[in-house]
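A look at the structure
What follows is each chain in one-letter form.
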Amino acid sequence: MHDSLPLNEPVLSYAPGSAERTAIRAALQHHAGRVTEIPLFIDGQRIEGCSSEALHAPHDHGRRLALVGQAGAAEVRRAIAAAVRAQHDWAAMPFDSRAAIFLRAADLLAGPWRQRLNAATMLGQSKTVYQAEIDSACELIDFLRFNVAFARAMLQQQPLSGPGMRNAMDYRPLEGFIYAVTPFNFTAIAGNLPCAPALLGNTVVWKPAFTASLSNFLFMELLEAAGLPPGVINFVPGSAAAVSEAVLQSQDFAGLHFTGSTEVFDALWQQVAHRLPTFHAYPRLVGETGGKDFVLAHASADADAVAVALLRGAFEYQGQKCSAASRAYLPASLWPRIKARVLADLETLRMGDVEDLGNFMGAVIDRKAFDRIDRYLRQARADGHRILAGGQCDDSQGYFVSPTVIEVDDPQAVTMREEIFGPVLSVMVYPDSDWSQVLSTVDGTSPYALTGAVFARDRDAIEEAARRLRFSAGNFYLNDKPTGAVVGQQPFGGGRRSGTNDKAGSVLNLQRWTSPRTVKETWVPATDYRYPHMA
């Protein structure tokens, strides 16, 4: 199967003098002084005239980027009706014809649409150019191409046919519509959650995160340009509670594809369970939720490699990745060198407007996130933990939180246990001789099990950690940071309270969006009910 897989989209560098650097500057300039009107997108129609909310740039909250239409119950019901109506013809379309639409979308994104999506992701979600490139270009292109390859291989998995018969597996879509609820932090995830089910013949009602509306609507327009028929994916920004309430009142609700907080996924699951008898079939619930991702270093680790992994893993995209390094366990013998390297590198790290391509970090996504992170930092000070770097919050221009390193003595400190979703790294230093005990601490501290990283050169230590931490992370990294999963290389998802672990970027996720039918055809049917033993 690997021979038939596509190649991962190359990541452009945006180095000074490069063509892509010139192109992204032009794409950013296109938005200067512009306020984009973002309508709903239902049954191929742009729905305007409903209420709207202003979207501002996180790094410059005085800058209005867009007016985002807000769907009410009536618009959601209209989107559901469009999805249900469209499914018959969409599911009947040959797989290769459906696949061609998404492959064309990938090529458009790799070419003329690349910097349009990147610029929108930078401005609306405060991503640096490199973080946007690996997200709204490369990862989203990879999802579109690899999903087609994985789905094609899945369709080829057929049962044995015995003498006198033909057996087949018919990979049907689910009956009804899929509800895709997407997050602010990755344009690629926002695109994949509706597209993966749609590829397999499902139709979708897509509720984007408000703060990602600009890039997400541009991707909706890209799908239209690629030839996606009306009604297959319906774009309905709006209040999460209001949209979800209307969706779950429909008997045609067939599945949920979700990335977001554990609390919201819990609430949706409970609402689905409460209404279970009203649905035509048991809905599929697929979700990737929270994380409290760890970096654990053994005394044999390379101190410089650990330091760089901590800085990149914790502070790229302001720590707003589900996989971001949030808690670290470091041996006392390496701590002085790791600490010195991290603090020295932080002195050189620049934070600010993402249109300045020399910046490493932008702003956190919105006021709610800013205030939440500020509360955790205040609590850390009140609890007597040592803030070694950062700790400052400044919302005068944008929602800026400086990259923060906190040293704690208590492995059960709040910042070691709870998801903060910001540029905050908590460090516990342990005696080298406590390695075995620390493995138990890492495994038992957090309710999540999304990503984790172990650094060691001692092979016995690596093997012990891999064994003891087998259920501590769905994506487990050895001598690398716990972020940066690549489609087709590291399928992504975690267990415990981090979600259903249905591995986006693999066939495992696509299998959830099918309802297989077994077909048996007998060439010469029996014409006598009697068996030989009855003679």
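Residues numbered from 1 in each chain as written. Predicted model: local features only at pLDDT ≥ 70, side-chain atom pairs only at ≥ 80, totals over all residues. Heavy atoms only, no water.

Attention shifts here to the overall build of the chain. Along the backbone of the chain there are 16 helices and 23 strands. A globule of 535 residues ought to have a C-alpha radius of gyration of about 24 Å, and the chain, at 25 Å, matches this closely. Considering the chain as a whole, with its 535 residues, one finds that 56% of them fall into the buried category. The contacts in the chain between residues at least 6 apart in sequence include a share of 78% that link residues at least 24 apart. For the chain, the accessible surface area stands at approximately 22,000 Å², while carbon and sulfur atoms represent 51% of it. Taking the 50 positively charged and 56 negatively charged side chains of the chain as two groups, their mean positions are separated by 3 Å. (Helix = DSSP H or I, 4+ residues; strand = E, 2+ residues; numbered from the N terminus. Rg over C-alpha atoms; globule rule 2.2 N^0.38 Å. Buried < 20%, exposed > 50% of the residue type's maximum accessible area, 1.4 Å probe, protein only. Contact = heavy atoms within 4.5 Å. Areas by Shrake-Rupley, 256 points an atom, 1.4 Å probe, with all protein chains shown as cover. Lys, Arg positive; Asp, Glu negative; His and termini not counted. Charge placed at Lys NZ, Arg CZ, Asp CG, Glu CD.)

Attention now moves to the pairing of strand 10 (residues 253-259). Looking along a regular strand, one sees side chains alternate from face to face of the sheet. Within strand 10, seven of the seven residues are buried, leaving the element largely enclosed by the surrounding structure. The pairing of strand 7 (residues 177-181) with strand 10 spans five bridges and is classified as parallel. Bridge pairing links Val181 to Phe258 in strand 10. The parallel pair strand 10 and strand 11 (residues 284-288), bridged by helix 9 (residues 262-274), forms a crossover whose chirality is right-handed. (Pairing = 2+ DSSP bridges. Right-handed = clockwise from strand over helix to strand, strands pointing away.)

Once that is clear, we can look at the packing of aromatic side chains. If you walk through the whole model with that rule in mind, you get eleven aromatic pairs. Their ring planes at 90 degrees and their centres at 5.6 Å tell us that Phe265 and Trp269 sit as a pair that is edge-to-face. Pair noted here: Phe265 and Trp269 are both in helix 9, with a separation of four residues, about one helical turn. Ring pairs connect the aromatic residues Phe41, Trp206, Phe217 and Phe235, which therefore count as one cluster. Positioned over the ring face of Trp90 is Arg98, at 5.9 Å from the centre of the ring. (Phe/Tyr/Trp six-rings, centres within 6.5 Å; stacked < 30°, edge-to-face > 60°. Lys NZ or Arg CZ within 6 Å of the ring centre and 35° of its normal.)

Phi is mostly negative for residues that are not glycine, and the peptide bonds are mostly trans. Positive phi outside glycine occurs at Tyr14, with the angle close to 60 degrees. Secondary-structure assignment places Tyr14 in the segment before helix 1 (19-30). Taking the relative accessible area as the measure of exposure, Tyr14 reaches 3% and is therefore buried.

It is worth spelling out a nonpolar patch on the surface at this point. Taken together, Tyr529, Tyr531 and Met534 make up a surface patch of nonpolar side chains, about 400 Å² in accessible area. Inspection of the secondary structure assignment puts Tyr531 in the segment after strand 23 (515-522). (Patch = residues over 30% accessible without salt bridge, like charges linked within 9 Å, V, L, I, M, F, W, Y side chains within 5 Å. Salt bridge = Lys/Arg side-chain N within 4 Å of Asp/Glu carboxyl O.)

Here the focus is the sheet that holds strand 5 (residues 60-69). An order of 1-5-4 is seen for the three strands of this open sheet, with the pairing classed as mixed. Pairing within the sheet leaves two strands with one partner each, and these edge strands are strand 1 (36-38) and strand 4 (52-57). Along the sheet, successive strands turn relative to each other by an average axial angle of 35 degrees, direction set aside. Pairing of strand 1 with strand 5, which is carried by three bridges, proceeds in the parallel orientation. Counterpart to Glu37 in the pairing with strand 5 is Leu67. The strands touched by helix 7 (residues 213-225) within the sheet are strand 1, strand 4 and strand 5, with strand 1 carrying the most contacts at an inclination of about 70 degrees. (Axes fitted to C-alpha atoms, helices over the stretch in contact; angles between N-to-C directions.)

Turning to the packing of helix 5 (residues 129-155) against helix 6 (residues 187-199), a few remarks are in order. The N-to-C vectors of helix 5 and helix 6 enclose an angle of 20 degrees; their axes lie 9 Å apart at closest approach. With respect to each other, helix 5 and helix 6 are oriented roughly parallel. Seen along the crossing, helix 5 lies across helix 6 with a hand that is right-handed. Contacts between helix 5 and helix 6 involve Asp135, Ser136, Glu139, Leu140, Phe143, Leu144, Asn147, Val148 and Ala151 on the former and, on the latter, Thr187, Ala188, Gly191, Asn192, Cys195, Ala196 and Leu199. Here the residues of the contact of helix 5 with helix 6 are counted per class, giving nine nonpolar, five polar and two charged. (Parallel < 35°, antiparallel > 145°, perpendicular 65-115°, else oblique. Left-handed = near helix turned anticlockwise from the far one by under 90°. Nonpolar A, V, L, I, M, F, W, Y, C, P; charged D, E, K, R; others polar.)

It is worth spelling out the environment of His257 at this point. Turning to its location among the elements, His257 is positioned in strand 10. His257 gets classed as buried once you look at its relative accessible area, which sits at 3%. Taking C-alpha positions, His257 is 11 Å from Leu268, a pair spaced eleven residues apart along the chain. Filtering out sequence-adjacent residues up to four positions away, His257 remains in contact with Ile178, Tyr179, Ala180, Val181, Asn192, Leu193, Ala196, Pro197, Val286, Asn509 and Trp513.

Looking now at the side chain of Arg145. In this structure, Arg145 sits in helix 5. Judged by its relative accessible area of 18%, Arg145 falls in the buried class. At 3.0 Å, the side chain of Arg145 and the side chain of Glu9 are in polar contact. Once you skip the residues sitting within four places of it in the chain, Arg145 turns out to touch Pro6, Glu9, Leu103, Ala106, Asp107 and Ala110. (Polar contact = N/O pair within 3.5 Å; in protein donor to acceptor, adjacent residues only side chain to side chain.)

When the UniProt feature table is mapped onto this chain numbering, "active site" (unreviewed entry) sits at Glu288. In this structure, Glu288 sits in strand 11. Once residues within four sequence positions are removed from consideration, Glu288 is found in contact with Phe258, Thr259, Gly260, Cys322, Leu450, Phe492, Ser498 and Gly499. (UniProt positions renumbered as here; feature names shortened; annotations may be inferred.)

If you check UniProt for "domain: Aldehyde dehydrogenase" (unreviewed entry), the listed places come out as residues 57-519 in our numbering. Secondary structure over residues 57-519 splits into 42% helix and 20% strand, and the C-alpha atoms at its two ends are 54 Å apart.

A few words on the nonpolar core. Ranked by size, the top nonpolar core spans 61 residues in total, and within it Phe102, Trp206, Phe219, Met220, Leu223, Leu228 and Ile233 carry the most contacts. Of all the elements, helix 5 adds the most residues to this core, at ten residues. When near neighbours in sequence (up to four residues on either side) are disregarded, Leu223 contacts Phe102, Ala105, Cys195, Leu228 and Ile233. Counting residues in each nonpolar core, the second largest holds 39 residues, with Ala369, Phe400, Ile406 and Ile420 among its members. (Core = buried A, V, L, I, M, F, W, Y, C linked by side-chain atoms within 4.5 Å.)

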